[in-house]
Every structure is written in C-alpha cells, then in structure tokens.
Amino acid sequence: LAKTTQPISMDSYEGQEVNITCSHNNIATNDYITWYQQFPSQGPRFIIQGYKTKVTNEVASLFIPADRKSSTLSLPRVSLSDTAVYYCLVGSFTGTASKLTFGTGTRLQVTL
Amino acid sequence: DTGVSQNPRHKITKRGQNVTFRCDPISEHNRLYWYRQTLGQGPEFLTYFQNEAQLEKSRLLSDRFSAERPKGSFSTLEIQRTEQGDSAMYLCASSPPGLALSSYEQYFGPGTRLTVT
C-alpha cells in the first residue's frame, strides 16, 4: 500500500468549501484512491473512490492530477455534521490486504 | 438491507477470558474484513474473507485470534485468553461482488468495543 500523507487537522466555518489533500508519491499503476469519513464511535463510511482526473458524487468530489501523486477531497458547503476524521487510502487490493492501513487521517472541525 | 451489523456493541471482560464477536455483512456481499482500531488511530487490518475462504491474515493477528465465516455469510472473531492490550474497537466491513480487485470500497459496521479489565 502506497504511503500517504495528510494534514493532521483542519478547521472550517459552516458553509465553506473544504479541500483535503493527500500525498501519495509512490502510487502504483493499478492503485485506486479511496476516501473514508469516520465519526466518533462509528465505523468508517466510504465517501468516494477514483483512479484519475475527477470523480463526483452526491457527497464530494475527488480531484486527481495527471501524475496521480496527490489527490484532493473536496467537500462543498460543509455543515457542522461534517466534523469527522477523513482517511485517504491508496493501494491495489490484489490479495495483499495485510498492507491495508488507514493512517491517522485528517480531523476536520467545522464551526459556526 | 440496513447495512453491516455487529454484535455485541460493547463487551467488558476480565483478562484471560475468551470473547467472540459476530458480524453480519450486507446481504450478498462476498468479501468480509475485520479491523481493530484504538483511540486516535486509524483502523488496522486483521483478516479478510472472500466467501468462506480466509485469504489474508495480518501479522498483527496472534495465535489467540481466530476468525471464521462458515457458509460465506456471517463471520465470527474469537479472542482467546484476552489481554489488556486487546482493548479496542473491532470493526467489520464487507464489499459487494463485481468490484475491481483493486477496489477498496468497503462498508463498515458500527463496531464492537472491547474492554479487558
């Protein structure tokens, strides 16, 4: 699993757009980029996954530049309920899942 | 379907006792994963099943841990002779069939919080 680097924490005001960037310099050709959200005392929730360019769903957008060495999770108009830890995972599930680690994530705090 | 369910949600046990947790994945999900998470850390992978076959087991999983998935449906995780260091949240996740092998799209349950006294 490619090593990822994310900011430890971020703060935002309600209604703003939040962008969380993840660095993954040694991403492999077959690797996908996946983001999860986790609230306290709950299991992580799948947000979005992409391979290249841009992916958008009803919750977020994922921007991946051509070199794929980083990715940015974009949360439009955050609300207080978006306060959570966000994890970036990069890898290829080819039966070597023992390398599947979430890291410490980015703690997003949204305030009024 | 209401998602992945785990039972019990909380378990308090004395050191040296055995505990067993159950995970019911989303219906028809063929992949099932177990993770352990301690405070302030991300989930750590423990083991993985595709249908009833246990295909991967982390080095984190000592001989005191065993997991099963009979008939490829629900799964159980047993910890024998529990130690205080086993105190953690144990998470189960499942993935549907048809995903690319390289996909990490997983759906997590609420977890079982284990406290070993």
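Fair warning: this is a prediction, and the values are worked out from it, not measured in the lab. (Residues numbered from 1 in each chain as written. Chains lettered and ligands numbered in written order. Predicted model: local features only at pLDDT ≥ 70, side-chain atom pairs only at ≥ 80, totals over all residues. Heavy atoms only, no water.)

(A) Focus on the sheet that holds strand β6 (residues 61–64) of chain A. Residue and element names in this part refer to chain A. Across the sheet, which stays open at both edges, the four strands sit in the order β2-β7-β6-β5 with antiparallel pairing between neighbours. Unpaired on one side and paired on the other, β2 (18–23) and β5 (53–56) mark the two borders of the sheet. Sheet twist, expressed as the mean angle between neighbouring strand axes with direction ignored, is 15°. Sheet analysis places β6 next to strand β7 (residues 70–75), joined by three bridges and oriented antiparallel. Bridge pairing links Leu62 to Leu73 in β7. (Pairing = 2+ DSSP bridges. Helix = DSSP H or I, 4+ residues; strand = E, 2+ residues; numbered from the N terminus. Axes fitted to C-alpha atoms, helices over the stretch in contact; angles between N-to-C directions.)

(B) Main features of the sheet that holds strand β8 (residues 84–91) of chain A. Residue and element names in this part refer to chain A. Read across the open sheet, the five strands follow the order β1-β9-β8-β3-β4; overall the sheet is mixed. The strands lining the two open edges of the sheet, one partner per strand, are β1 (9–13) and β4 (45–50). Strand-to-strand twist in this sheet, taken as the mean axis angle between neighbours without regard to direction, amounts to 25°. Two elements, β8 and strand β9 (residues 106–111), share three bridges in a ladder whose sense is antiparallel. Note that in β9 the partner of Val85 across the bridge is Arg107.

(C) Spatial organisation of the packing of aromatic side chains. In this structure the tally under the stated criterion is ten aromatic pairs over all chains. Ring centres of A:Tyr36 and B:Phe108 lie 5.8 Å apart, and the angle between their planes is 90°; this geometry places the pair in the edge-to-face category. With A:Tyr36 in strand β3 (residues 32–38) and B:Phe108 in strand β10 (residues 107–108), the pair connects residues from two separate chains. An identical accessibility class is assigned to A:Tyr36 and B:Phe108; each is buried. The rings of A:Tyr36, A:Phe46, B:Tyr33, B:Tyr35, B:Phe45, B:Tyr48, B:Tyr107 and B:Phe108 are connected pair by pair, giving a single aromatic cluster. We note A:Arg68 situated over the ring of A:Tyr51; from NZ or CZ to the ring centre the distance is 4.0 Å. If you follow B:Arg22 out to its NZ or CZ, it ends over the ring of B:Phe74, 3.9 Å from the centre. (Phe/Tyr/Trp six-rings, centres within 6.5 Å; stacked < 30°, edge-to-face > 60°. Buried < 20%, exposed > 50% of the residue type's maximum accessible area, 1.4 Å probe, protein only. Lys NZ or Arg CZ within 6 Å of the ring centre and 35° of its normal.)

(D) Region of the structure containing the side chain of A:Ser74. Residues and elements named next belong to chain A. Assignment of secondary structure puts Ser74 in strand β7. A polar side-chain atom of Ser74 sits 2.9 Å from a polar atom in the side chain of Asn19. Apart from the residues lying within four places of it in its own chain, the contact partners of Ser74 are Glu17, Val18, Asn19, Ala60, Ser61 and Phe63. (Polar contact = N/O pair within 3.5 Å; in protein donor to acceptor, adjacent residues only side chain to side chain. Contact = heavy atoms within 4.5 Å.)

(E) Region of the structure containing the state of the cysteines. Residue and element names in this part refer to chain B. Going through the model one piece at a time under the given rule, you end up with two disulfides over all chains. Bridging Cys23 to Cys92, the disulfide has an S-S length of 1.8 Å. Taking the sign of the S-S torsion, -65° for the link of Cys23 and Cys92, the bridge is left-handed. Here Cys23, found in strand β3 (residues 19–24), pairs with Cys92, found in strand β9 (residues 88–95); they are 69 residues apart in sequence, far enough to count as distant. One exposure class covers both Cys23 and Cys92, and it is buried. (Disulfide = S-S within 2.5 Å.)

(F) Expanded view of the interface of chain B and chain A. In this assembly, 27 residues from chain B lie in contact with 28 residues from chain A. For the interface between chain B and chain A, the tally reads three residue pairs in polar contact (both at pLDDT 80 or more). Of all elements in the fold, only β4 (31–37), β5 (44–50), β9 and β10 of chain B reach the threshold of two or more residues within the side of chain B that touches chain A.

(G) Here's a closer look at the pairing of strand β6 (residues 53–57) of chain B. All names here are of chain B. Where β5 and β6 come together, four bridges link them in antiparallel fashion. Each residue of the ladder has a partner; that of Thr47, found in β6, is Lys57. Joining the antiparallel neighbours β5 and β6 is a turn of two residues, in which Asn51 adopts a positive phi near 55°.

(H) Spatial organisation of the pairing of β6(A). Residue and element names in this part refer to chain A. Note that β5 and β6 share four bridges and pair antiparallel. Paired with Val55 across the bridge in β6 is Leu62. Connecting β5 to the next strand, β6, in antiparallel fashion are four residues. Counted along the chain from β6 to the antiparallel partner β7, the turn is five residues long, and its residue Arg68 has a positive phi close to 60°.

(I) Region of the structure containing the nonpolar core. Counting 20 residues, the largest nonpolar core has A:Ile33, A:Trp35, A:Ile47, A:Leu73, A:Leu75 and A:Tyr86 as the members making the most contacts within it. For this core, the secondary-structure elements that each account for two or more residues are β2, β3, β4, β6, β7, β8 and β9 of chain A. The element best represented in this core is β8(A), accounting for four residues. Of all hydrophobic cores here, the second largest spans 19 residues; its members include B:Leu46, B:Ile79, B:Tyr90 and B:Leu114. (Core = buried A, V, L, I, M, F, W, Y, C linked by side-chain atoms within 4.5 Å.)

Nothing here speaks to function; it is all geometry.
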